[in-house]
Each structure stands twice: as C-alpha cells, then as structure tokens.
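Survey of secondary and tertiary structure
Read off the chains here:
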Amino acid sequence: MPENKEPHVAKFVYDFTEGNKDLKDLLGGKGANLAEMTNLGLPVPPGFTITTEACKVYLDSGEEPAALRDEVSAHLDALEQRMGKKLGQADDPLLVSVRSGAKFSMPGMMDTVLNIGLSDKSVKGLTKQAGDERFAWDSYRRLIQMFGKTVLGVDGELFEEALERAKEAKGVQVDTELDAADLKKLVTAFKKIVKGEAGRDFPQDPREQMDLAIKAVFESWNGDRAKLYRRQERIPGDLGTAVNVCSMVFGNLGPDSGTGVAFTRDPASGQQGVYGDYLQNAQGEDVVAGIRNTVSLAELESIDKASYDQLMQIMETLENHYLDLCDIEFTIERGKLWMLQTRVGKRTAGAAFRIATQLVDQGLIDETEALQRVNGAQLAQLMFPRFDEDAKAEQVGRGIAASPGAAVGKAVFDSYTAVKWSRSGEKVILVRRETNPDDLDGMIAAEGILTSRGGKTSHAAVVARGMGKTCVCGAEELEVDTKRRRMTVPGGHVVEEGDVISIDGSSGKVYLGEVPVVPSPVVEYFEGRMHPGADDADELVEAVHRMMAFADRKRRLRVRANADNAEDALRARRFGAQGIGLCRTEHMFLGDRRELVERLILADTETEREESLKQLLPLQKKDFVELFEAMDGLPVTVRLLDPPLHEFLPDITELSVRVALAESRQEPHENELRLLQAVHRLHEQNPMLGLRGVRLGLVIPGLFTMQVRAIAEAAAERKSAKGDPRAEIMIPLVGTVQELEIVREEADQVIAEVEAATGTRLKLAIGTMIELPRAALTAGQIAEAAEFFSFGTNDLTQTVWGFSRDDVEASFFTAYLEKGIFGVSPFETIDRDGVGSLVKSAAAAGRSTRPDLKLGVCGEHGGDPESVHFFHEVGLDYVSCSPFRIPVARLEAGRAATESRGSDHR
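Conventions we followed
Residues numbered from 1 in each chain as written. Predicted model: local features only at pLDDT ≥ 70, side-chain atom pairs only at ≥ 80, totals over all residues. Heavy atoms only, no water. Axes fitted to C-alpha atoms, helices over the stretch in contact; angles between N-to-C directions. Helix = DSSP H or I, 4+ residues; strand = E, 2+ residues; numbered from the N terminus. Parallel < 35°, antiparallel > 145°, perpendicular 65-115°, else oblique. Contact = heavy atoms within 4.5 Å. Nonpolar A, V, L, I, M, F, W, Y, C, P; charged D, E, K, R; others polar. Left-handed = near helix turned anticlockwise from the far one by under 90°. Buried < 20%, exposed > 50% of the residue type's maximum accessible area, 1.4 Å probe, protein only. Disulfide = S-S within 2.5 Å. Phe/Tyr/Trp six-rings, centres within 6.5 Å; stacked < 30°, edge-to-face > 60°. Pairing = 2+ DSSP bridges.

**Notes on the packing of helix H5 (residues 133-150) against helix H6 (residues 156-170)**
Taken N-terminus to C-terminus, the directions of H5 and H6 make an angle of 155 degrees; their axes are 8 Å apart at the nearest point. It follows from the interaxial angle that H5 and H6 lie roughly antiparallel. Contacts between H5 and H6 involve Arg-141, Ile-144, Gln-145, Gly-148 and Lys-149 from the first element and Gly-156, Phe-159, Glu-160 and Leu-163 from the second. For the contact of H5 with H6, a count of residues per class yields 3 nonpolar, 3 polar and 3 charged.

This is the structure:
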C-alpha cells in the first residue's frame, strides 16, 4: 500500500455555515456555493462538506486521512442534534444525500447517492413520519438502485429492466403509478440484483452506507467518464472532488412537492425571464435525467404560488450577488422551498455574449469583467454556418432548442456506434430517448444530439451546452427505439440507423436528409456585410460588435494574418488584421509556375539557372505588388522560400511509371528522365530536416536574392504610386547567426541596388523565424543580425518534441491523450513547459541584445485562445493566424490584457 502522505491542513470537513463561494479549491463548486447560500440566509438543508484535500489523500494512498472518520462523526453528530434525529434510526430516521462537487462543474460525470440511512427497519419509520407508505418505499428503492450502481458497481440496466417489468405487470406507463405494494416487491427484486451482482447484501447499517458512498464519490473522480469529460473541457486531473453530505428534503411526497432546475436567464439565448423545468412528485435526479418530461418553470406559479414567488425573489438575490447567470436546483417539500445548489450557469456561445453586454448595461459589471465572461472558443462557434431558412426541407419534428448550431449527420442510436462511425470519418447525430453520463464519449464524437425526452436542464442539454455541441431535447413526437436502432416520426416514416438527419439547435427543428447551410450573421458582420444598428442586424451581432470593441481597446498584442495572396489579405483586413505576419512565398511557385521551378531545379549551368530566376522575378514582383496594395500602411512579413525543392517536383512513383511506359513504347522521354534523376538526386531520408529554408538560399545561388529583389522592386513601385508599403523580409530555419549574416549581407546589397535604380528610399526590416531549438538557445547572438523574430511554433514543436507531425498525430496521439500524457495536442495549444520555455527565454535573450527587437509568432498557435494568453504573458508584440481565426485572436488578446490570474470564471 502506498504511504499515506497527508497534507498539513487544519481540517478535512467544513459545515455549510463555515465556508463561502471563494473556497472552491477546497470545498468544490457545490460545497462553496451551498455555504454561500447559507451565509445569505437562504433556505439550505443543513449539512457539511468533505474537502478536496481529503479526496487527494485517498486517491494518492488508497486510504482516507486518519483524521477524517472522527471529523465526519463530529459533524454528523452536530447535524443529528440540529435535526433532532439520528441517521437511519428506526422510528424517525435522518436521511442524507452524498454528492460530488469539484471545483469546476462536471454535470453527471461523478457520483451521487440519495436517501442514505434507509433500511428494512427505517423505511417503516419514514412511512410513519411522512404518513405516506408509497413515498417511503419509493425512496428506499431509489437508494438501492443508486447505491447498487454507483457504490457497488452493479449494471444500472438491471434495475431499469426490473422497473420496466414492474410497470408492465401493473399495466402502467410511468413509475408514479406504482403503489406501495408494487414498490415493496421492487425493493425485494432490487436487493436480489445487488446480492447476485455484487456478491453481498445491501448494507443495512446507515453509517456503512454513508462511508461507502463517500469513498465511491472520491473514486468517481478517476472514473472513465469523469476523465473523458476533464480532457474534453481541459480541467486539470489533480484537483480532486469534494463530497457534500446534506440532510434530505423530499420532492416525492405528493402533488404539493416536487423538484426543479431554474436559470436566472435563458442559457440558450441570454434573454431575461423565467426559465427552467419543474416536476411534481419527483426526487433529485429525475429532472436532470430527463426520464420524465417536465413542465416549464412558469407553470409552478399556478401549482404553488407561494413557492414560486419565493423562488423568483431568491433567483434575483443570487444573480445580483454572483453578478451572472445562475443555475439553481431546488426542491419543494409539502409547500416548503429548499435550495439544493447554485452555480454560475453554463450557457451557449450566443447567450454568453448577450449576457455579458446586458450586465454591463445594467451596471453590474464593467468592460474588463465582461471580457472574462466570453472566450474565443465561443466566438469561433458563433462563426459556424447555420441552416438556410429558404431551403426546401422536410421537417419531421420539433423539440426544445437546448444548444444552438446546425448539425447534419447519420442517425446512430448508441454511443459505441457514434464513436466507431466518427473514427471512420462519418458525421453522426446521436439519437437517444435520453442521455446519461455513460453516453459522454458518443456525445463528443457526434455532430449533434437529439433526444425524445428531457428539457433544457436535462443531462443532454447541460453537457451539450458546456461542449458547444448542437442539441435538441424533448422531441416527444419522435418515437426512439434504441433496441431496433430506429426512430419513427409523425406520419409513420421510419428513420433507420445510417439515414441522414439534420437538427437545428437554435429552433429545435428536426429534418429528414441534409439541409443546406448559409454563413453565420457573425461572419457577415466581420466581412462587412452586416452592420450593428442596421435593420438587418440582430441582437447577437450587436453584442459581438461591442465585445470586440472592448477587446480592441484593452489589448496590447497586435493581430496579424497568415496570408499568401491579395484576396486572403483583403479578407484578413476586413476581419481586423493589423498586417501580415506570414506570407509563404512557396505558394506563389505552384500552379502554372511549376514548370519554371522545374527548370530552375534541373539547370545544369549558371546561365540556365539565371534565366529561370530571371523569368520568375517579374511574377514574384507582381504578387508582392498586389499584396502590398491590399495591406497598404500595414506590415507584411514575407518568408523566403522554405520547403525542400523536391516538393515542387512530380511524385517519384508517378515519374518512374511515366519513364517506364515511355521506354516500353520507345517514345521521347528526355525531360521526364531528367526530372526523375533530379528527384533521386534531391531525395532525402528526412527532408523536413534537410535542404530547406536558409540552407536553400545558401546552396542555390541567386534564389533568395531574386526574391529579395522582387520584394524591393514591388515596394518601390508602390511608393512611387503614393502607397505605403511596409515589407519585412524573413529568413526561415536559421540555426546559427552566421547563416543569417551571410543572407542579410546579400539582401542588403540587393536592396541598395534597387534603391539606386529607382531613386526610392526603402526601409525593409530583415529578421528570422525562430523554429529550431538551437536558434532559441542562441537567440541573443542571432538578434545581432535580426530586426525581428517570428516564432515558428509548428516546427519548433516538432523539433523540441522530436515529432514528425504528419506521422505522430495519426499513429499515437490518440493513445497519449487517452492516457493523460497530453491534456491537449502540443500542436493545438502551446506546450508551456517545453516549447513555451524556449520562446520565453529566446524573447528575453533577443531583447537583451536588441531592446527594440520586434517579436511575433506565426505558427498555428497564434490563433489558439490559450496560447494567445501565453504569448501576451511573455511579451510578444503580435500573433499571426489564419484570417478566420483573427477575431478569436483579437478577443483573446483583449482577455489576456484584462485577465486576473486568480480568476476561475468558467
């Protein structure tokens, strides 16, 4: 057994009266917020929280902290005294729930057990106490079912099948129609299932029930679905979960009782109003599970006016206190309202932007805080296409618009198939009656989720919103048969597994077949085709416009684009680019110019080579003139030729076949033969580490000088046309300052020649990409010859890790992600500890040599939200990314500039 190393903490258990909302690291989100509501004087059932530190000790050592049992006993004694009853006592039992509660919300991913303390004896006492035999036995069967599944590891389907058999035997449709006698029989059946599957009797000792449930919650932190959710949401794996032990209140005591979930604003749209679901005569997880269809929260007013009015007042109190959309779970027990949980609610991307601006307008938060309420991932989601409203589409159903988006795919009816088909390249829609936490991997794999049961607060809706996944819930007119893998729609049409369907998470509509999509209004806004305040602009566009204005005012990082032609440059400029950070000149050598490049490669003499370069020069110059015109007044960083020359030649296999065929037919093939010989001559075992970048410029005379001349002449032409070209020349793959010095000397000479010939003074900065570890380690030396650094983090990641990206992503990255070696691919988000450390040290070394050294990044990380924050922290001047990612980078740069490092707003 590993050594039990306990942290030096004062205690492991806190009463709800002792904590507050700022102790999420210690008490978890649920425990911290229960304490906060208790402090506010709201009706919270008494209870206590076991800290995340206790969980960490248990997970590290396999044993609970030595002091934990005594602390739990002391708090349980205090709870019993407060409630005037003992846990599980026979005549009037105290019952408790044991719930997980991590720092960050992980809906349904960890374990919960309700009604702990019920036994064969105490169920009779509960009957007497409540005056309702059916209620008592219903609560007991729920305990055995939850405990058996979550604590003892019994397959939950066995309990569901027994429940279905009981309803069939009674001839009823829903479990509320089973009477006390039916439920007694069901308890007996459930206990037999536990005995047969777990190899032990259901425990009758209430303290044993509670202790085992606490351990099960600890262990659920490392359950498969919890780990998968943490990877998806990038939640650290070392936080652990708190455990909340709370006295039970019951929503299943009859028609004057119930349970519900409420939002202070619509989590799908951000609109203020009465939003949520309520279920009479129900307990705990019934609403979230979506097993029974709920009524809207507004209907509670006619069911129980007093509780409704009190709830509305509490919702206002909580939103004004938390200054955000709040997600609330509550129970009504015989007309008495109890608050079971609150948290800052998950919301859709559109709602996030709307709510942030609404709260600013209400004077509740300022612009700086508003920027922390939205993020780049949400903005990217808003830029996705939507369904064309004018397209002819066959609507077959409509449910609740739970999470927006336009999703098209083949219908599948279980998570395993969703994952399997998705991995083979198929787009799928996961169709279920209702989802549960075990469906998480299928929900991640699917384009969208469709359920026939549940509401906006069901498991499917909550998880889908958190992931930014399209979801339609509660489409009751659709009959989903998961066993036969089919769905019957009104009119009798049957959708078989594999048939294509389309779902609209913004309207709740379900269509047969594929519905065409159109650009998002947010993209139309960035493209300049929709203007805030115009008649055709919607509230979302206005909210995005305002948040982008906030970000642009606050950010320090400038945002440039990766663009290789005037068309991309103009689009980038419309999207807010402040220049071009990477123009890849190799893209200018493709198409109808490939033949000229082939001649250059095949040149046997200096004359032939110079002739090829002479023909390429005006073509390159024309490209640059167009680019400088599109980006007039803004910097344009032009990277000289980088890839190996063999990439411009035909495939070796294709060439070999052409030569062999020509020889067999005795046809002329001199050019193909020369090309084949050149391909063999240029062949390298690892071309990405071979003759490329600056090495090409040094080995092939005239190649780089031709490109520099084209840049200089284009800049001179634009200046003569009264333009303002701001070209920067970037030398790729430099590993030592000597390489850069040689190329720079030749470039300076060419620029001087162009200046003399045109009579134009040119100011062309010359710098380099830092994309090799040696370049980063000797950045101080390289800065002596460079006016700017641009970190090429794609290649730097490859060379630091020793990865060939094209190979490793397909071969073992999935395994590395599943095993937790990566939280996220280092090609997607900057590896702060490795690659990031080199970027930070190289930036500092470069500026120690040249204080005015301009620093940027042009790898794909330049558009990644988390990476943008890192680049802000280490003091870069700009990031460069693809045009479509520019708004994301702008927003994240603003967030980075205003971010409080202690903020955990999720």
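**A few points about the packing of helix H3 (residues 68-83) against helix H8 (residues 206-220)**
Between H3 and H8, whose axes approach to 13 Å, the crossing angle comes to 125 degrees. Here H8 runs oblique to H3, going by the angle between their axes. Considering the relative orientation of H3 and H8, their crossing is right-handed. For the pair H3 and H8, contact is made by Leu-68, Arg-69, Val-72, Ser-73 and Leu-76 and by Arg-207, Met-210, Asp-211 and Phe-218, respectively. Grouping the constituent residues of the contact of H3 with H8 by class yields 5 nonpolar, 1 polar and 3 charged.

**Let's talk about unusual backbone geometry**
Although it is not a glycine, Asn-115 sits at a positive phi angle of roughly 70 degrees. Within the secondary structure layout, Asn-115 lies in strand S4 (residues 112-116). Even without a glycine there, the phi angle at Leu-323 is positive, about 55 degrees. With respect to the helices and strands, the residue Leu-323 is situated in the loop between helix H12 (305-322) and strand S9 (326-333). What makes Leu-323 partly exposed here is its relative accessible area of 26%.

**Concerning the state of the cysteines**
Tallied over the entire structure, the rule returns 0 disulfides. Cys-471 provides the cysteine sulfur closest to Cys-473, a residue in no disulfide bond, and the two sulfurs are 3.4 Å apart. With no disulfide of its own, Cys-881 lies closest to Cys-858 among cysteine sulfurs, the gap being 11 Å.

**Points about the environment of Gly-156**
In this fold, Gly-156 is placed in helix H6. Accessibility expressed as a relative area gives 15% for Gly-156, which makes it buried. Distance from Gly-156 to Ala-446, taken between C-alpha atoms, is 24 Å for residues 290 residues apart in sequence.

**Observations concerning the packing of aromatic side chains**
The tally for this structure, following the rule as stated, stands at 20 aromatic pairs. Geometrically, the ring pair formed by Phe-135 and Phe-250 is edge-to-face, given 4.9 Å between the ring centres and 80 degrees between the ring planes. Taken together, the residues Phe-135 in helix H5 and Phe-250 in the loop between strand S5 (241-247) and strand S6 (258-265) connect sequence positions 115 residues apart. Each of the two residues, Phe-135 as well as Phe-250, counts as buried. Residues Phe-526 and Phe-575 carry aromatic rings whose centres are separated by 5.8 Å and whose planes lie at 40 degrees to one another, so their mutual orientation is tilted. On the criterion of sequence distance, the pair formed by Phe-526 in helix H19 (residues 521-526) and Phe-575 in the loop between helix H21 (566-574) and strand S25 (580-584) is long-range, its members being 49 residues apart.

**Digging into the sheet that holds strand S28 (residues 765-770)**
Taken together, 8 strands build a closed barrel; the order of strands is S24-S25-S26-S27-S28-S29-S30-S31 and the barrel is parallel. For this sheet, the mean inter-axis angle between neighbouring strands, taken without regard to orientation, is 30 degrees. Of the strands in this sheet, strand S29 (788-791) and strand S30 (854-857) are in contact with helix H34 (residues 835-849), which crosses S29 at around 175 degrees.

**Some words on the sheet that holds strand S17 (residues 470-473)**
Spatially, S12-S22-S21-S14-S15-S16-S17-S13 is the arrangement adopted by the 8 strands of the open sheet, whose pairing is mixed. The strands lining the two open edges of the sheet, one partner per strand, are strand S12 (394-398) and strand S13 (400-403). The mean inter-strand angle of the sheet, taken between neighbouring strand axes irrespective of direction, is 30 degrees. Pairing between strand S14 (residues 406-412) and strand S15 (residues 428-432): 3 bridges, direction parallel. Counterpart to Lys-410 in the pairing with S15 is Val-428. Against the sheet, helix H16 (residues 415-423) engages S14 and S15, with an angle of about 110 degrees to S14.

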